[in-house]
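Residues per chain, in single letters:
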Amino acid sequence: MKRRDMLSLAASLGTTTAVAQTDVWERLTYALTKPTALDEQTVRALENRSAGFHQLEELIPAPALFKGLTAHLRELSTLLNGLYADSKDELRNRLIIVAGESAVLAGWAASDMGETVTARNFYSTAERAAKEIDDPDILACALAYRSYIPSTKRAHGRARALLKDALEALSNSSSAGTLSWVAARHAEESAALGDARQALKSWVKAEEAFSVADPDEDRVWTRFLDQNRFDSYRIATYTKLPGKINEAETIAEAVLARLAKDADRKKAAIILEDIAVARLSQGAVGEACRLAKTGLAIVRETEFAMWLPRFEAIGQALKPWQRQPQIRAYLEDLATTKRQFTSTRR
């Protein structure tokens, strides 16, 4: 029921206003710098809608999400344009927070669609909103989302630098969920760089924050960070650290058992990819292929293009065994998925 309601919301919002994606971030940036009346009910409705979009992200393809977000951001821009720049205006400040929360998600969706320039523009707009109302958590979120752009290209040094900036932006009063997520990402990228010491140090920080975090009561972007997703960061980190492979294996088995009962679509694709990579590092080629094939099917179904390069990397690693029927089937599925995304972007 919840999923049907959310899909209905996305459809209705997506058809209310047609806005060019290159236009929305410019409107919002202008609105944030420009000095109508605003009431509590309107602001609360927009806050709830922003939270709903962050939940929808796990359920629907990026193009559908982006369409609804652009309509939402246009409404926010119109409201902000009618307000005087008053740092003591609580409703205006809350509206800017909604704008920042929505802009980071628009950047994430644009990045998933392969629109990197548009994504960076939205992230920059979110950072501007964060500075306007002194909200370091939005700034950290924008930097963490931005880190995925170089990470998917295996530029792990650049990704870690962005995450370092995100960690430094957070304060003692920042949300535990945000700190946990950013620190876990920092650990993952550190491990990818072979920096075991820093990876473990960051992971301790992530674990401490996660132990006191409540995603449902935290910032809207942290609601994806349940136990399964947190453990997938641990798996991705531990498989690259000496002496941690067995622990990663144990965690992966537990996650797969839970995932079979409660599979959020995009999140499942991410987790399956992490565990498939872990299996590959252990030489379990058949199991890695099985997991990757399931994850790739979800990527294709949800049009989760951002994660396709990771499944392509698995395909490259599996090529030495391509004469095996299941490996060949995976590589054929991969080629089909690539063609699907290529035709969609034409």
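Note that the coordinates shown come from a computational prediction; the quantities given were computed from them, not determined experimentally.

Turning next to the overall build of the protein. Along its length, the protein carries 17 helices and zero strands. Evaluated residue by residue, the protein yields a buried proportion of 53% over its 346 residues. Of the roughly 15,200 Å² of accessible surface on the protein, 50% is carried by carbon and sulfur atoms.

This structure, assessed with the given rule, holds 23 salt bridges. The residue Glu 189 makes a salt bridge to Arg 185 at a minimum N-O spacing of 2.8 Å. Here Glu 189 pairs with Arg 185, and both are found in helix α10 (residues 176–192), just four residues apart, close to one helical turn. Across the pair, Arg 185 and Glu 189 agree in class, each one buried. A single network of salt bridges, built from pairs that share partners, joins Glu 40, Arg 44, Glu 47 and Arg 94.

Outside of glycine, negative phi angles account for most residues, and trans bonds account for most peptide bonds. Of note in this structure, Asp 134 is not a glycine but carries a positive phi near 55 degrees. With respect to the secondary-structure elements, Asp 134 resides in the loop between α6 (116–132) and α7 (136–146). Judged by relative accessible area, Asp 134 falls into the exposed class, the value being 66%. The phi dihedral of Arg 154 falls on the positive side, at around 65 degrees, and the residue is not glycine. Here Arg 154 lies in the loop between α8 (148–151) and α9 (156–169). A relative accessible area of 59% places Arg 154 in the exposed class.

One pass over the full model with this rule turns up 11 aromatic pairs. Consider the rings of Phe 66 and Phe 122, whose centres lie 5.9 Å apart with planes at 80 degrees: the pair is edge-to-face. Here the residue Phe 66 occupies a position in helix α4 (residues 62–81), and Phe 122 occupies one in helix α6, the gap between them amounting to 56 residues. By relative accessible area, Phe 66 is classed as buried at 5%. Between Trp 181 and Phe 224 the ring centres are 5.7 Å apart and the planes differ by 85 degrees, which places this aromatic pair in the edge-to-face class.

What follows concerns the packing of helix α12 (residues 227–238) against helix α13 (residues 245–259). Across the interface, α12 lies against α13 with an axial gap of 9 Å and an inter-helix angle of 155 degrees. Classified by the interaxial angle, the pair formed by α12 and α13 is roughly antiparallel. Crossing handedness for the pair α12 and α13: left-handed. Residues Gln 227, Asn 228, Asp 231, Arg 234, Ile 235 and Tyr 238 of α12 pack against Ile 245, Glu 247, Ala 248, Ile 251, Ala 252, Val 255, Arg 258 and Leu 259 of α13. Residues that form the contact of α12 with α13 fall into these classes: eight nonpolar, two polar and four charged.

Below, the discussion takes up the nonpolar core. Judged by nonpolar contacts, the single largest core of 106 residues is most densely connected at Tyr 145, Trp 181, Trp 307, Phe 311 and Tyr 330. If one sorts the elements of this core by residue count, helix α5 (residues 90–112) sits on top with 12 residues. Each residue touching Phe 311, except ones within four places of it in the same chain, is listed here: Ala 269, Glu 273, Ala 292, Gly 295, Leu 296, Val 299, Tyr 330 and Leu 334.

What follows is about the packing of α6 against α7. Direction vectors running N to C along α6 and α7 enclose 165 degrees, while the axes themselves pass 8 Å from each other. In terms of their interaxial angle, α6 and α7 are classed as roughly antiparallel. Pair α6 / α7 crosses with left-handed handedness. Between α6, through Arg 120, Tyr 123, Ser 124, Ala 126, Glu 127 and Ala 130, and α7, the contact on the second element is made entirely by Ile 138, Leu 139, Ala 142, Leu 143, Tyr 145 and Arg 146. Of the residues in the contact of α6 with α7, the class split is eight nonpolar, one polar and three charged.

Right, let's get into the environment of Leu 69. For Leu 69, the location among the structural elements is in helix α4. Between the C-alpha atom of Leu 69 and that of Ala 106, which follows or precedes it by 37 residues, the distance is 6.4 Å. Those residues within four positions of Leu 69 in sequence are excluded, and the remaining contacts are Phe 53, Ser 102, Leu 105 and Ala 106.

With that settled, consider the side chain of Thr 302. Position of Thr 302 relative to the elements: it lies in helix α15 (residues 285–302). Only 2.7 Å separates the side chain of Thr 302 from the backbone oxygen of Ile 298, close enough to count as a polar contact. Every residue in contact with Thr 302, bar those within four places of it in the chain, is listed here: Pro 61, Arg 265 and Lys 266.

To continue, consider the environment of Asp 195. Position of Asp 195 among the secondary structure elements: in the loop between α10 and α11 (196–212). For Asp 195, a relative accessible area of 26% corresponds to the partly exposed category. Here the alpha-carbon distance between Asp 195 and Lys 240, two residues 45 residues apart in the chain, equals 9.5 Å. Not counting residues within four places of it along the chain, the set of residues in contact with Asp 195 comprises Arg 160 and Ser 190.

Thresholds, definitions, all that
Residues numbered from 1 in each chain as written. Predicted model: local features only at pLDDT ≥ 70, side-chain atom pairs only at ≥ 80, totals over all residues. Heavy atoms only, no water. Helix = DSSP H or I, 4+ residues; strand = E, 2+ residues; numbered from the N terminus. Buried < 20%, exposed > 50% of the residue type's maximum accessible area, 1.4 Å probe, protein only. Areas by Shrake-Rupley, 256 points an atom, 1.4 Å probe, with all protein chains shown as cover. Salt bridge = Lys/Arg side-chain N within 4 Å of Asp/Glu carboxyl O. Phe/Tyr/Trp six-rings, centres within 6.5 Å; stacked < 30°, edge-to-face > 60°. Axes fitted to C-alpha atoms, helices over the stretch in contact; angles between N-to-C directions. Parallel < 35°, antiparallel > 145°, perpendicular 65-115°, else oblique. Left-handed = near helix turned anticlockwise from the far one by under 90°. Contact = heavy atoms within 4.5 Å. Nonpolar A, V, L, I, M, F, W, Y, C, P; charged D, E, K, R; others polar. Core = buried A, V, L, I, M, F, W, Y, C linked by side-chain atoms within 4.5 Å. Polar contact = N/O pair within 3.5 Å; in protein donor to acceptor, adjacent residues only side chain to side chain.

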